[in-house]
Amino acid sequence: MNTSTSYWLKKGIHNGMPIALGYLAVSFTLGIAAKNAGLTALQAALASITCHASAGEFAGFTLIAALATYAEIAVMELIINARYFLMSCALSQKIPADTPIWKRLIMGYFITDEIFGASISVAGKLDPYYTFGLAAVASPAWCVGTALGVLMGNALPIRVVSALSVGLYGMFMACIIPEGKKNKIVAGVIVVSFVLSYIFNTLSVFAGISSGVKIMILTVIISLAAAILFPVKEEENA
């Protein structure tokens, strides 16, 4: 392992600790949902290993409890998690062009909202080992938290779990605020994203659309508008 690889891996592990702590709290509530659906701690942990998405897993456990068919679960998961296709496309433009396919596959497997946010905010080109470092601490915390949620059930008050999960939102703010301060266009896009997200979640006309699809629609609209109105030259990302 060369110095550069070691540096980015350690940096990813360091910056991934807040994500891991937030995941531990959020996935605990996920484990409670898994227990209510009749899953064991091992089954819930396996679900978290193969699906790093809170909305996707909550929907999956709900459908399992409702005795839904495999096809119904598969279609629902595809719709809810479709936004990760967009995140993968964005990160594919962020990493060096000569990045081998096995590194791309690992990055794609571990993409979550938080890992994507931390990875895409890296200045210049993204070293895959930074994302590997993020996943190395975040993914185990996600799986362990889910298993603990099943084992401990409702031992902890829901208010305590909700309070712990606030740390995850703090991590989100830590990713976007510094970039917003450096670039007024980025700051404007962030504000517009907040406003449109609020509108999408409050108007009744959008009530029938899942959260995953809402995020995907907003991502396409906002990113497309920003790319057309404020294009970034290739050398600026070098």
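Going along each chain's sequence as written, the residues are numbered from 1 onward. It should be noted that, the model being predicted, local features are given only for residues of pLDDT at least 70 and side-chain atom pairs only at 80 or more, the latter also being counted only at that level, while totals for whole chains, interfaces and linings use all residues. Calculation of side-chain values draws on the structure's entire complement of heavy atoms; hydrogens and water are dropped beforehand.

### Here we look at the environment of Ser-223
Threshold: We count a stretch as a helix when DSSP gives it H or I for four or more residues in a row; a strand needs E for two or more, and each element gets its number in order from the N terminus.
On the secondary structure map, Ser-223 appears in helix H11 (residues 211-229). In this structure the C-alpha to C-alpha distance between Ser-223 and Val-189, which are 34 residues apart in sequence, comes to 8.5 Å.

### Things to note about the packing of helix H3 (residues 54-65) against helix H4 (residues 70-80)
Convention followed: Angular values range over 0 to 180 degrees, each being the angle between N-to-C directions of two axes fitted as lines to C-alpha atoms, with helices fitted over their stretch in contact. Note that the term roughly parallel is reserved for angles under 35 degrees, roughly antiparallel for angles over 145, roughly perpendicular for angles of 65 to 115, and oblique for everything else. Crossing handedness is defined as follows: a turn of the near helix away from the far one that is anticlockwise and smaller than a right angle gives a left-handed crossing, while the clockwise case is right-handed. The contact rule is simple, with two residues in contact once any of their heavy atoms fall within 4.5 Å. Amino acids are sorted into nonpolar (Ala, Val, Leu, Ile, Met, Phe, Trp, Tyr, Cys and Pro), charged (Asp, Glu, Lys and Arg) and polar (every other residue, Gly among them).
Closest axis-to-axis distance for the H3/H4 pair is 9 Å, and the angle between their directions is 160°. If you check the angle between H3 and H4, you find them roughly antiparallel. The two elements H3 and H4 meet at a crossing, and its hand is right-handed. Seen from H3, the contacting residues are Ala-55, Gly-56, Glu-57, Ala-59, Gly-60, Leu-63 and Ile-64; seen from H4, they are Glu-72, Ile-73, Met-76, Glu-77 and Ile-80. Taken together, the residues that form the contact of H3 with H4 break down as seven nonpolar, two polar and three charged.

### With respect to the nonpolar core
The following threshold applies: As used in this record, nonpolar core signifies buried Ala, Val, Leu, Ile, Met, Phe, Trp, Tyr and Cys residues forming a set joined through side-chain atoms within 4.5 Å. Categorising residues by exposure relies on relative accessible area from a 1.4 Å probe, with only protein chains included: less than 20% of the type maximum marks a residue as buried, more than 50% marks it as exposed, and the intermediate range marks it as partly exposed.
One finds Phe-61, Leu-126 and Tyr-130 to be the most contacted residues of the largest nonpolar core, which totals 38 residues. Listing elements by their share of this core, those giving two or more residues are helix H1 (3-36), helix H2 (41-50), helix H5 (83-92), helix H7 (113-120) and helix H8 (128-152). Broken down by element, this core gets its largest block of residues, 11 residues, from H8. The residues touching Tyr-130, leaving out its near neighbours within four places in the chain, are Trp-8, Lys-11, Gly-12, Asn-15, Ala-118, Ser-119 and Val-122.

### Quick look at the side chain of Asn-81
Within the fold, Asn-81 resides in the loop between H4 and H5. With near-sequence residues (within four places) excluded, Asn-81 lies in contact with Cys-51, Ala-53 and Gly-56.

### Re the side chain of Asp-127
Spelled out, the test is: Neither His nor the chain ends contribute to the count of charged residues, in which Lys and Arg are positive and Asp and Glu negative. Here a salt bridge means any side-chain nitrogen of Lys or Arg lying within 4 Å of a carboxyl oxygen belonging to Asp or Glu. For this analysis, a polar contact is any N or O atom pair within 3.5 Å, provided that within protein one partner can donate a hydrogen and the other can accept it, and provided that sequence-adjacent residues contribute only side-chain to side-chain pairs.
With respect to the secondary-structure elements, Asp-127 resides in the loop between H7 and H8. Within the buried core, Asp-127 has no salt-bridge partner, and the shortest N-O distance to an opposite charge, that of Lys-103, equals 5.9 Å. A distance of 2.9 Å separates a polar atom in the side chain of Asp-127 from the backbone nitrogen of Tyr-129. Contact partners of Asp-127, with chain neighbours within four places excluded, come to Ser-4 and Trp-8.

### Side note on unusual backbone geometry
Even without a glycine there, the phi angle at Leu-67 is positive, about 60°. Among the structural elements, Leu-67 can be located in the loop between H3 and H4. On the basis of relative accessible area, Leu-67 is assigned to the exposed category, the value being 75%.

### Points about the packing of H2 against H8
The contact between H2 and H8 brings their axes to 8 Å, and the two run at 155°. Relative to H8, H2 is oriented roughly antiparallel. Handedness of the crossing formed by H2 with H8: right-handed. On H8, the residues touching Ala-41, Ala-44, Ala-45, Ser-48 and Ile-49 of H2 are Trp-142, Cys-143, Thr-146, Ala-147, Val-150 and Leu-151. Split by residue class, the contact of H2 with H8 holds nine nonpolar, two polar and no charged.

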